[in-house]
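Each chain, letter by letter, is given below.
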Amino acid sequence: MGQLSLHERYAATIGCRVSIQADLASTTVRWSLGSGAPGGPSRPREGDEVMPFTCHRCRRTMSITVESLAKARLKKRVYIAVGWLLLLSLLVTVPMLVHLGGQTSDENDDSGAAVVGLLFLLSTLGFVLGFTVAALGHKYEGVKKLRYIRPDGRGTVWVKGHRLF
């Protein structure tokens, strides 16, 4: 399956924030990227497993949650399938929108405009969400939940200055 395949071993790419430059119209964030070796650690056999690691730049102790190979493959396929179903829904909504949008209606009848507005909204959502969900599905690797590890051993909820790529 080429693009859809995930491997037993994973390599997470972690970004450590180097600098932030804020201008009037934009904000630029520079990241220092680091990843494990291509033949990195193995995925868990079942469920999720929390894997500890140290940031390559600031040496802070963190953890990531890694899904099993079967779970990650299933989620990846579901995301791609839902994305394609949303895109295929355009085969129904766009022709209906064109057909109903070309009809004339009476002055006092607002029901036609409501239906055309609903079809336009559904077509727009199908297009935007379809491409977004399908693209996220192709990028899905089953590595999630980046957390700092506190001195007591528990993970934090917010991770400031780091992110998964």
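Higher on the page you've got the structure.
Residues numbered from 1 in each chain as written. Predicted model: local features only at pLDDT ≥ 70, side-chain atom pairs only at ≥ 80, totals over all residues. Heavy atoms only, no water.

Undergrad: It is not clear to me how the sheet that holds strand 3 (residues 48-54) should be interpreted in this structure. Could you clarify?
TA: Strand pairing in a sheet takes place through backbone hydrogen bonds and is either antiparallel or parallel in direction. Taking strand neighbours across the sheet as the criterion, the three strands line up as 3-4-5 in an open arrangement whose pairing is antiparallel. Lying at the two open borders of the sheet, with one neighbouring strand each, are strand 3 and strand 5 (143-148). Going across the sheet, the axis of each strand differs from the next one's by a mean of 25 degrees, ignoring polarity. Two elements, strand 4 (residues 61-67) and strand 5, share four bridges in a ladder whose sense is antiparallel. Pairing of Val-66 across the sheet is with Val-143, part of strand 5. Across the sheet, helix 1 (residues 69-88) touches strand 3, strand 4 and strand 5, and the angle it forms with strand 4 is around 70 degrees. (Pairing = 2+ DSSP bridges. Helix = DSSP H or I, 4+ residues; strand = E, 2+ residues; numbered from the N terminus. Axes fitted to C-alpha atoms, helices over the stretch in contact; angles between N-to-C directions. Contact = heavy atoms within 4.5 Å.)

Undergrad: Got a minute to help me understand the environment of Asp-48 in this structure?
TA: With respect to the helices, strands and loops of the structure, Asp-48 is situated in strand 3. Taking the C-alpha atoms as reference points, Asp-48 and Ser-63, 15 residues apart in sequence, are found 12 Å from one another. Excluding anything up to four places from it in sequence, Asp-48 contacts Thr-65, Val-66, Glu-67, Lys-71 and Lys-144. Polar side-chain contacts of Asp-48 include one of 3.0 Å to the side chain of Lys-71. (Polar contact = N/O pair within 3.5 Å; in protein donor to acceptor, adjacent residues only side chain to side chain.)

Undergrad: Explain the nonpolar core to me, please; I cannot follow it from the model alone.
TA: Grouped burial of nonpolar side chains is what soluble globular proteins tend to show. Ranked by internal contacts, the top residues of the largest apolar core, which has 13 residues, are Ile-14, Phe-53, Met-62, Ile-64 and Leu-146. The element contributing the most residues to this core is strand 4, with three residues. Dropping the residues within four chain positions of it, Leu-146 is found in contact with Ile-14, Phe-53, Met-62, Ser-63, Ile-64, Val-159, His-162, Arg-163 and Leu-164. (Core = buried A, V, L, I, M, F, W, Y, C linked by side-chain atoms within 4.5 Å. Buried < 20%, exposed > 50% of the residue type's maximum accessible area, 1.4 Å probe, protein only.)

Undergrad: Could you clarify how one ought to interpret the layout of surface pockets in this entry?
TA: Rolled over the atoms, a probe with the dimensions of a water molecule shows which regions are left empty. Computed from the structure, the largest pocket encloses a volume of approximately 490 Å³. Lining the largest pocket are 21 residues, with Lys-139, Tyr-140, Glu-141, Val-143 and Phe-165 sitting closest to its centre. Looking at the lining of the largest pocket, the elements that each hand over two or more residues are helix 3 (111-139), strand 5 and strand 6 (162-164). Across the lining of the largest pocket, the residue classes tally to eleven nonpolar, four polar and six charged. (1 Å grid on protein atoms, 1.4 Å probe; cavity = no way out; pocket = protein on both sides within 12 Å on 5 of 7 lines; lining within 4 Å. Points joined across faces, edges and corners; volume = space filled by probe spheres on them. Nonpolar A, V, L, I, M, F, W, Y, C, P; charged D, E, K, R; others polar.)

Undergrad: Any chance you could explain the packing of aromatic side chains here in plain terms?
TA: The geometry of an aromatic ring pair comes down to the distance between the two centres and the angle between the two planes. Scanning the model with the defined rule gives three aromatic pairs in all. Taking the centre distance of 5.6 Å and the plane angle of 75 degrees together, the rings of Trp-31 and Phe-165 count as edge-to-face. With Trp-31 in strand 2 (residues 27-35) and Phe-165 in the segment after strand 6, the pair connects residues that are 134 residues apart, well separated along the chain. The residue whose ring lies beneath Arg-163 is Trp-31, and the NZ or CZ to ring-centre distance is 5.8 Å. (Phe/Tyr/Trp six-rings, centres within 6.5 Å; stacked < 30°, edge-to-face > 60°. Lys NZ or Arg CZ within 6 Å of the ring centre and 35° of its normal.)

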